[in-house]
Amino acid sequence: MTRRLSMDEAVGLLEGELGSGQRALDDLLTEDLWLGFLRFGRRLFDVPDTPDADGLLFQYGTHAFDGSPAFTLDLTRQFEISDSDGDHDHYVQVHCELGYGLAPALEALGSFDSWFFHDAGDDLEEWAQGLTERAAWATIHRLKPTEIRVYQEQV
């Protein structure tokens, strides 16, 4: 039986997958980071045995979180955390957030989000392929982000 990873290891594992090509993060293109995120997404973690306890989120849009509007692609993994009785307590999200500044071609993409859950019976590779077949992917996949943030938060 394969050992399932602890959620406490998630940020370090994501950082490791993003840098697995031995290139500095600021040298990577969107596609490189996406492939690293998918490697991370294939890893199995020790999560509660409840629906939607381990999910991947691909979302983008133009936002003004910290001042000026900028286009952001957020690759997120969400884990459910249960209390001692096995009931839902909260979620932990591990983000790989890619910032690009603002350009008319990016702003024209609007916003989009898509979830994948490991227990839903869907195929991760099909989900990923569907995202890369979107017209927006042709615009962003060869771009070099101006900012890359990897972090964890409780939601």
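Residues numbered from 1 in each chain as written. Predicted model: local features only at pLDDT ≥ 70, side-chain atom pairs only at ≥ 80, totals over all residues. Heavy atoms only, no water.

Notes on helix 4 (residues 124–132)
- Within helix 4, burial applies to Leu124, Trp127, Ala128 and Leu131. Down the axis, helix 4 shows its buried residues gathered within 95° of arc, on one side only.
- Structurally, helix 4 contributes buried residues whose contacts are with helix 2 (30–42), strand 1 (54–63), strand 4 (112–117) and helix 5 (135–140).
- Residue aspartate 123 occupies the N-cap position of helix 4, its side-chain oxygen lying 3.1 Å from the main-chain nitrogen of glutamate 125. (Buried < 20%, exposed > 50% of the residue type's maximum accessible area, 1.4 Å probe, protein only. Helix = DSSP H or I, 4+ residues; strand = E, 2+ residues; numbered from the N terminus. Arc of directions from axis to C-beta. Contact = heavy atoms within 4.5 Å. Polar contact = N/O pair within 3.5 Å; in protein donor to acceptor, adjacent residues only side chain to side chain.)

Some details on the confidence of the model for the chain
- For the chain, mean pLDDT is 91; residues scoring 70 or higher make up 94% of the total.
- Element-level mean pLDDT values for the chain span from 93 in helix 1 (residues 10–18) up to 98 in strand 4. (pLDDT = per-residue confidence, 0-100.)

Here's the deal with the packing of helix 1 against helix 2
- Interhelical geometry of helix 1 versus helix 2 gives an angle of 135° and a closest axis separation of 8 Å. Taken together, the axis directions place helix 1 and helix 2 in an arrangement best described as oblique. Every pair of crossing elements has a handedness; the one defined by helix 1 and helix 2 is right-handed. In this structure, helix 1 uses Ala10, Leu13, Leu14, Glu17 and Leu18 to contact helix 2, whose residues at the interface are Leu33, Gly36, Phe37, Arg39 and Phe40. (Axes fitted to C-alpha atoms, helices over the stretch in contact; angles between N-to-C directions. Parallel < 35°, antiparallel > 145°, perpendicular 65-115°, else oblique. Left-handed = near helix turned anticlockwise from the far one by under 90°.)

Topic: the pattern of salt bridges
- In this structure the tally under the stated criterion is six salt bridges.
- Between glutamate 17 and arginine 39 there is a salt bridge, with its nearest N and O atoms 3.0 Å apart. Separated by 22 residues along the polypeptide, glutamate 17 in helix 1 and arginine 39 in helix 2 bring together distant segments of the chain.
- The class of glutamate 17 is buried, set by a relative accessible area of 11%.
- Residue classification places arginine 39 among the partly exposed residues on the basis of a relative accessible area of 30%.
- Measuring nitrogen to oxygen at the nearest pair gives 2.9 Å for the salt bridge that ties glutamate 97 to arginine 149. With glutamate 97 in strand 3 (residues 88–99) and arginine 149 in strand 5 (residues 147–154), the pair connects residues that are 52 residues apart, well separated along the chain.
- Residue glutamate 97 is classed as buried on the basis of its relative accessible area of 13%.
- Taken together, the shared-partner salt bridges in this structure form one network comprising Glu17, Arg39 and Arg43. (Salt bridge = Lys/Arg side-chain N within 4 Å of Asp/Glu carboxyl O.)

Observations regarding the side chain of glutamine 78
- Along the chain, glutamine 78 falls in strand 2 (residues 70–82).
- Among the polar contacts made by the side chain of glutamine 78, one reaches the side chain of glutamine 93 at a distance of 2.6 Å.
- Residue contacts for glutamine 78: discarding those within four places in its chain leaves Ala53, Asp54, Gly55, Tyr91, Val92, Gln93, Trp115 and Val155.

Looking at the packing of aromatic side chains
- Across all of its chains, the model carries 15 aromatic pairs by this definition.
- Consider the rings of phenylalanine 58 and tyrosine 60, whose centres lie 6.1 Å apart with planes at 90°: the pair is edge-to-face.
- Relative to tryptophan 137, the ring of phenylalanine 58 lies with its centre 6.5 Å away and its plane at 50°, an arrangement referred to as tilted. With a gap of 79 residues between them, phenylalanine 58 in strand 1 and tryptophan 137 in helix 5 connect regions that are remote in the sequence. By the burial criterion, phenylalanine 58 is buried, and tryptophan 137 matches it.
- Its end group placed over the ring of tyrosine 151, arginine 149 keeps NZ or CZ at 4.3 Å from the ring centre. (Phe/Tyr/Trp six-rings, centres within 6.5 Å; stacked < 30°, edge-to-face > 60°. Lys NZ or Arg CZ within 6 Å of the ring centre and 35° of its normal.)

Concerning the environment of leucine 75
- Structurally, leucine 75 is set in strand 2.
- For leucine 75, a relative accessible area of 0% gives the class buried.
- Sequence separation between leucine 75 and glutamate 97 is 22 residues; the distance between their C-alpha atoms is 6.2 Å.
- Beyond its immediate stretch of four places on either side in the chain, leucine 75 contacts Leu33, Trp34, Phe37, Leu57, Phe58, Val94, His95 and Cys96.

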